[in-house]
Structures are given as structure tokens and as C-alpha cells.
Amino acid sequence: MSEPQGRLMNIRNTKLYIALFVIIIAAIFIVPRFLDDNESSIVYVTANVDRNNITSQINSSGTVNPLKTIEVGSQVSGHVKDVFVDYNSEVKKGDPLLEIDPSQLETELKRAQADNKRAQADYNLTSSVYKANKDLYSKRLISKEELDDSQSKYLNASAALEQSKATIEITQSNLNNSTIRSPIDGIVLSRNINPGENVTANGKPLFMISQELSNMKIDTNVSEADIGKIRKDQRAYFTVDAFPNKTFEGTVYQIRNEPITNNNVVTYNVVVSIENKDNTLKPGMTADVKVIVSEKEDVKRIPTAALRFIPPSNALIETTDLDTNTEPHVWIPSSNGLIKPVLVNPGINDGRYTEIIDGHLGDGDEVIVEALIKNNGGKNASYLPQPKRF
């Protein structure tokens, strides 16, 4: 046998081995399935229709915040002489928070007052000259140029006087602002300055003051899929990590229209008002919030899993006129191992149970929630979870 013929024979043998390997693997995985189908049966897990209360709610998370928070800075530059408050200090509107050394501002005010006196004297002089020249000009005793010159000096002196008055107002205002005061009644949440440091006008915030903490709010993020169910004055319950065994209560008081987009996910801020009389809650706490959308008592209900159930492909189904592709329905056991769909009108749900408003189901009826395969060894295997139809 020549070398090319031997090489061709080796290639053919390799292909033959590969084909045999594929056939063996297929036989291992496929043949038992046919055997199992012949020796297995479907067992349906059912639940009974009953009556109970259902509470539909929307879950969200948010942050506990004061109703109003103000950052307080300085309107003037200077050296900090004294700080009158600290963290958690309670303040009233107008209470002093900080004092900037006023000596330089007092000097500027004295200079402005002196300039004002000089401007006032110039104004008085030029005003007298201008009035006298008007009389002289009316009697043709001076020229038009002399009158115009005295008028120009009078107008300049008048402008300089007004400017000096404005300078006094500015320096007086700066002197008044050397003592920074609280703009609201509240509590000092943060202090970012110490005596001896320098501050600049309109620089960093020196204090953060919140309105009293006996009434607060939670800023929550609700998805666009759920925002249409939220209404003002709905009740809300929430927990915080600091008190995991305690449930707090609040009320929806604002639904903001501004969308918040993060990683292509759109949410809306729903503000929940809360009471905090004992100051248990602190600003910045993370809250797990449940907004109560709807509540119903003593309603007919079924497990929500029954609405998601889809029969396996080899199930024995009783023929009906119901269109299972478009109409809401559940599956119930029928006679002789058959199952059949039943039309229902679902209402609110709490995730686990769904209200049945009307339909061909009575109290105590069985509905199918899951299908199991029972083989000849008595072992059950569950089908994979089915997608929700409606």
C-alpha cells in the first residue's frame, strides 16, 4: 500500500470513530428519555380557592431626610473670631452662629463715613454756586460757559454724594453680616469652621441646618412601571437597619414628575412624610418602604402561581372553547386524568395570592400550580418555572 493510500485510510478511520462516538453519546442521553416517557406520569400540584384579605403594595427604598435643609455660608471675608454653636445645637431664627473679626470692617465704615462728609460738603458748595450762577445768568451778568461749568460741578458732586451713601450702606451691611445668624429654627447638622480660621465671601458652606427633626420625609425611587399606581395620601410602612424589628408608618404626600435616569432605568421620586416625635430616626438612614396601593378584605383568592402555570406538552387536555392564548385563565383537574382551562377575572395581588373578581371558580375548588413528572421509581421531577402570561 502506498503512503498516500495509507494516509487516506487513516482519515477514514478517524471519521468513523467520531461518528460512532456521536451515536453513543446520543444514545446515552436520548434513548432513556423515550423510555422514561413511556414509564412516567404527570402529577399535578393543586391548591384550593379560599377567602382572605389581600394587600397590594409597591416596594421601594429611599433615604430619610429632614423636611428642609439649609447650607449657611459667609457673605464677607475675614478672620473667624468666635463660633457659638456645635453639632446638634438647637437654634432659633436669628441666633448667632459665628462672628468674624469686625475691626477691619469697622475701619472701612469709618472711612466711608468720612468720604460721605467730604462729598456732602462738596455737594453743598457746588449747589450754592450753581444756584447763584443761575440767578446771575438770568440777569445776563455771567456767560453761558460759567453757568454750564457750575452745573457740571454740581452734578458731579451730587453723584459723588450718592456714591458715598451707597458705600456706607455696603460697609454697614458687611459689618452686620460679620455675625452669621441662623435663617431658620432647627438643628445644626454639621459645622465646617473653627475659631481662628479664615473665611471667604460666598465660599464653602460653614453650617448645615435642618428644620426640626420631629417631622421628616423619605425620598424614595419608584420605577416607571409602578409609578401609575401611586396616589397622594396612600399609607406607607418602612423599616430601617438600625431598628430591624420596628415598623414605622408614613403617608405619601408628593409624587414628583421629574424623571431620574440611571443606567437607562427611569424612576420617580415619591416623597413620604413621617413623624419622628422621639427623634429615633436620623437623617441619611436607608429605609425599605412599602406603599399600600390597595387593600381588600374577605375576597376570593388563588395562589398567583396558578395564573403562571402552563401545561407540559404531553399533558392530556380537555377540549373547550376557551382561547388560552388571549383570555386570562387557570387550569383545574378534570375527569380521567384530564385537565381543563377555566376563565377567570384576576384583581389585585400581593405577590403570593391574587384576587379572583369573577369567573367559573367556587370556594374550595382546586387549581393547578405545578406539574411534576413521576417516573417508575416513584421520584418526582418538577418542570422549569413557566413565564407569566398576563
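Scroll up for the structure.
Just so you know, these numbers come straight off a predicted model, no measurement behind them. (Residues numbered from 1 in each chain as written. Predicted model: local features only at pLDDT ≥ 70, side-chain atom pairs only at ≥ 80, totals over all residues. Heavy atoms only, no water.)

(A) Layout of the environment of glutamine 211. For glutamine 211, the position within the fold is in strand 10 (residues 207-211). Spatially, the C-alpha atoms of glutamine 211 and leucine 189 are 9.9 Å apart, while their sequence positions differ by 22 residues. Here glutamine 211 is in contact with Pro66, Leu67, Lys68, Ile184, Asp185 and Gly186, once residues within four sequence places are set aside. (Helix = DSSP H or I, 4+ residues; strand = E, 2+ residues; numbered from the N terminus. Contact = heavy atoms within 4.5 Å.)

(B) Representation of the environment of lysine 290 within the structure. For lysine 290, the location among the structural elements is in strand 15 (residues 286-303). With residues up to four places along the chain from it excluded, the contact list for lysine 290 reads Gln57, Ile58, Asn59, Arg235, Ala236 and Tyr237.

(C) Up close: the pairing of strand 8 (residues 186-191). Extensive coverage of strand 8 is indicated by the burial of five of its six residues. When strand 5 (residues 90-91) meets strand 8, the two strands line up antiparallel, connected through two bridges. Residue glutamate 90 lies in a different strand from strand 8, and its bridge partner there is isoleucine 187. Sheet analysis places strand 8 next to strand 10, joined by five bridges and oriented antiparallel. Opposite serine 190, over in strand 10, you have methionine 208 as the bridge partner. (Buried < 20%, exposed > 50% of the residue type's maximum accessible area, 1.4 Å probe, protein only. Pairing = 2+ DSSP bridges.)

(D) Fine view of the sheet that holds strand 9 (residues 198-199). The antiparallel open sheet is built from four strands, whose spatial order is 7-6-4-9. Here the strands that pair on one side only, and so sit at the sheet edges, are strand 7 (179-181) and strand 9. Here strand 4 (residues 78-83) pairs with strand 9 via two bridges, running antiparallel. Bridging across to strand 9, glycine 78 finds its partner in valine 199.

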